[in-house]
Amino acid sequence: MNIVVVGAGASGIMAAIIAAREGAKVTILEQKDRIGKKILSTGNGRCNFTNLAQEPQFYRSENESFPWKIIENFSAQNVIAFFLELGIYSKNRNGYMYPYSDQATAVLDVLRMEIERLHVQVLTEHKCMQILPGKKGFKIQTNQGMIKADRVILSTGSKAAPVTGSDGNGYDLAKQLGHHLIPVLPALVQLRCKENFYKAIAGVRVNGTVSLYIDQDCVAEDTGEIQLTNYGISGIPVFQVSRYAALGLYQHKKVTAILNFMPGFTNEQFHYFLLKRLETRPQKTVGEFLIGMFHKKLCDLFLKCSAIDKNKPVGTCTNEEIGNLETLIQQFEVEIKETNSFEQAQVCAGGVDTKEVRIESLESRIVPGLYFTGEILDVDGICGGYNLQWAWSSGYMAGKAAATNGAIKGRKNDKN
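Residues numbered from 1 in each chain as written. Predicted model: local features only at pLDDT ≥ 70, side-chain atom pairs only at ≥ 80, totals over all residues. Heavy atoms only, no water.

Undergrad: Looking at this model, I keep getting lost on the overall build of the chain. Mind explaining?
TA: Secondary structure assignment for the chain yields 13 helices and 21 strands. C-alpha atoms of the chain, sized along the principal axes, occupy 85 × 45 × 40 Å. When the 416 residues of the chain are sorted by exposure, 56% land in the buried category. The long-range fraction of contacts in the chain, counting pairs at least 24 apart against all pairs at least 6 apart in sequence, stands at 73%. Entry remark: accessible area of the chain is about 18,400 Å², with carbon and sulfur atoms responsible for 47%. A gap of 5 Å separates the mean positions of the 46 positive and 42 negative side-chain charges of the chain. (Helix = DSSP H or I, 4+ residues; strand = E, 2+ residues; numbered from the N terminus. Buried < 20%, exposed > 50% of the residue type's maximum accessible area, 1.4 Å probe, protein only. Contact = heavy atoms within 4.5 Å. Areas by Shrake-Rupley, 256 points an atom, 1.4 Å probe, with all protein chains shown as cover. Lys, Arg positive; Asp, Glu negative; His and termini not counted. Charge placed at Lys NZ, Arg CZ, Asp CG, Glu CD.)

Undergrad: It is not clear to me how the sheet that holds strand S2 (residues 25-30) should be interpreted in this structure. Could you clarify?
TA: Within a sheet, each strand pairs with its neighbour through backbone hydrogen bonds, oriented either parallel or antiparallel. The sheet built from five strands is open, its strands ordered S7-S2-S1-S11-S20 with parallel pairing. The sheet is open, and its two edges are formed by strand S7 (121-124) and strand S20 (370-372), each paired on a single side. With direction set aside, neighbouring strand axes in the sheet form an average angle of 20°. Note: strand S1 (residues 2-6) against strand S11 (residues 151-154), four bridges, orientation parallel. Within the sheet, the bridge partner assigned to Val 4 lies in S11 and is Val 152. Strands in contact with helix H1 (residues 10-21) are S1, S2 and S11; relative to S2, the strand with the most contacts, it is inclined by about 165°. Against the sheet, helix H13 (residues 386-404) contacts S1, S11 and S20, and its axis sits at roughly 175° relative to S11. (Pairing = 2+ DSSP bridges. Axes fitted to C-alpha atoms, helices over the stretch in contact; angles between N-to-C directions.)

Undergrad: Is there a simple way to explain the pairing of S1 in this structure?
TA: Looking along a regular strand, one sees side chains alternate from face to face of the sheet. Burial analysis of S1 places four of its five residues in the buried class, which makes it a mostly covered element. Inspection of the sheet shows S1 paired to S2 by five bridges, in the parallel sense. Its bridge partner lying in S2, Val 5 is registered against Ile 28. Handedness of the crossover is the feature at issue here: the chain leaves S1, passes through H1, returns alongside S2, and the resulting connection is right-handed. (Right-handed = clockwise from strand over helix to strand, strands pointing away.)

Undergrad: How should I be thinking about a nonpolar patch on the surface in this particular structure?
TA: Nonpolar side chains collect at one region of the surface, where Leu 84, Tyr 89 and Tyr 100 lie side by side and expose about 380 Å² of accessible area between them. The topology assignment puts Tyr 100 in the loop between strand S6 (96-99) and helix H5 (104-117). (Patch = residues over 30% accessible without salt bridge, like charges linked within 9 Å, V, L, I, M, F, W, Y side chains within 5 Å. Salt bridge = Lys/Arg side-chain N within 4 Å of Asp/Glu carboxyl O.)

Undergrad: So what exactly am I meant to see when it comes to helix H6 (residues 169-176) here?
TA: One turn of an α-helix holds 3.6 residues; hence residues three or four places apart share an orientation. Of the residues making up H6, those classed as buried are Asn 169, Gly 170, Tyr 171, Leu 173 and Ala 174. Close packing links the buried residues of H6 with strand S8 (128-134), S11, strand S12 (181-187), strand S19 (347-352) and S20. Phi turns positive one or two residues past the end of H6, at Gly 178, with a value near 100°.

Undergrad: Before we go on, may I ask you to explain empty space enclosed by the protein in this structure?
TA: To find leftover empty space, one rolls a probe the size of a water molecule over the atoms. As enumerated under the stated definition, the model contains one cavity of 30 Å³ or more in all. By volume, the largest cavity amounts to about 40 Å³. Around the largest cavity sit Phe 197, Tyr 198, Ile 201, Leu 228, Leu 259, Phe 261, Leu 298, Leu 301, Phe 332 and Val 334, which together line it. Those elements that provide at least two residues to the lining of the largest cavity are helix H7 (198-201), helix H11 (296-306) and strand S18 (332-339). Within the lining of the largest cavity, the residues separate by chemical class into 10 nonpolar, no polar and no charged. (1 Å grid on protein atoms, 1.4 Å probe; cavity = no way out; pocket = protein on both sides within 12 Å on 5 of 7 lines; lining within 4 Å. Points joined across faces, edges and corners; volume = space filled by probe spheres on them. Nonpolar A, V, L, I, M, F, W, Y, C, P; charged D, E, K, R; others polar.)

Undergrad: Help me out: how do you make sense of the confidence of the model for the chain in this one?
TA: Note: predicted coordinates in regions of low pLDDT should not be interpreted at a detailed level. Of the residues in the chain, 97% have a pLDDT of 70 or more, and the chain-wide mean is 95. In the predicted structure, residues 408-416 sits below a pLDDT of 50 and forms 27 contacts with residues beyond four places in sequence or in another chain. (pLDDT = per-residue confidence, 0-100.)

Undergrad: Looking at this structure, I do not really get the sheet that holds strand S15 (residues 217-228). What am I missing?
TA: Taken together, six strands build a closed barrel; the order of strands is S13-S16-S15-S14-S17-S18 and the barrel is antiparallel. Taken pair by pair, the neighbouring strands of this sheet meet at an average axis angle of 45°, ignoring direction. In terms of strand pairing, strand S13 (residues 191-193) meets strand S16 (residues 232-234) through two bridges, oriented antiparallel. In the strand pairing of S16, Arg 192 is matched with Gly 232. Sitting on the sheet, helix H12 (residues 319-330) is in contact with strand S17 (255-260) and S18, with an inclination near 110° to S17.

Undergrad: In this structure, what is going on with the nonpolar core? I would like to understand it.
TA: Counting 86 residues, the largest nonpolar core has Phe 49, Phe 83, Leu 111 and Trp 392 as the members making the most contacts within it. Ranked by the residues each element gives to this core, the list is headed by H13, at 11 residues. Dropping the residues within four chain positions of it, Leu 111 is found in contact with Ile 13, Ile 17, Ile 39, Phe 82, Phe 83, Leu 86 and Trp 392. Ile 214, Val 241, Phe 289 and Leu 298 belong to the second-largest nonpolar core, a separate cluster that totals 45 residues. (Core = buried A, V, L, I, M, F, W, Y, C linked by side-chain atoms within 4.5 Å.)

Undergrad: How do you make sense of the packing of aromatic side chains when you look at a structure like this?
TA: Aromatic ring pairs: the centre-centre distance and the angle between the two ring planes describe each pair. Inspection of every chain in the model, using the stated rule, returns 19 aromatic pairs. On the numbers, 5.1 Å between centres and 85° between planes, the contact of Phe 82 with Phe 83 is edge-to-face. What makes Phe 82 buried here is its relative accessible area of 4%. Note on Phe 83: relative accessible area 1%, which makes it buried. In this structure an aromatic cluster arises from ring pairing among Phe 49, Phe 74, Phe 82, Phe 83, Trp 392 and Tyr 396. One cation-aromatic arrangement involves Lys 91 over Tyr 100; the distance from NZ or CZ to the ring centre is 5.1 Å. Over the ring of Tyr 244 we find Arg 243, and its NZ or CZ is 5.2 Å from the ring centre. (Phe/Tyr/Trp six-rings, centres within 6.5 Å; stacked < 30°, edge-to-face > 60°. Lys NZ or Arg CZ within 6 Å of the ring centre and 35° of its normal.)

Here it is in structure tokens:
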């Protein structure tokens, strides 16, 4: 069995290793000068390669049930065991799993060693231009000539972070072969806002909750460290809701975010907290009142937006003025005008429609012998190692199925 894997990211490398372990002759085609470049940037260079907390809602797709059925077949525990066999002793940071060395290079190194041990052929600087299915397998046209294969695994990634090699070429290849795409949009990305005050608060980091609204409906929410930039909002909680913002903007809907800078309090609790603070030092000016709670840049913004004179003694503020401050702090509304580009996105939402892929093998329903892995499919995970988990799980399933011509774990029903 001669298998060609197009793309040498996490999922492609996994697919190649598993297929080779099953006895297939495997060739990897990578358009960059080396393999696994995106792995090196994960986890801020430390490679958060999976997460022990696994739930279906951590994976997103138009075909909602699809991702979890793949994850179940090659779980986080399977991933940890796989890497332990290769030499990666892992450390657990609240469920986030890293190599003990805290080096993403170690993860790539052991994968490369395994590829060499299995005699997988790696052809770098080979860009796939066209995949031609025939009666006896495939012909793959590259920038360096034609390559033949019995089966092809398409692992080209998305359009996110194209500097690492995922430039969206795989989407064109999939469309040429008759597949349809769910709209491809940036995900796990910063959000750019319409207001004009961001330069004044750029660089501030504050714990809070981000609630994302499409028109008037709250579609996603997350809590953590919000980073305020000179153009809008960033940080993990922003990344977690950003794919929904991208979709809303794509659909030309109004997208807003409500920022709660005191998420540990209910509205009522925060009201009494401020009143007690006011009663304790009523002689403080309004400008001094919030010092000790927030960064001074943020305090100044709240006062500017509330139109309260910062030199006014806080004890003389009206109930309406205090109420305005409460609302600004716990329900600060901003309007999203766009996401940052694919260059800044960690992953993409959208991709090859999973309803055109067999769930028990990741084989195309349209082109027999063609398989898909990783980000090219319409699956994206939240921050925290979930996109790499998807890469390992989908790579395992496609690699094994392509080499054995069978479903994983005896699954027969491929309805999805």
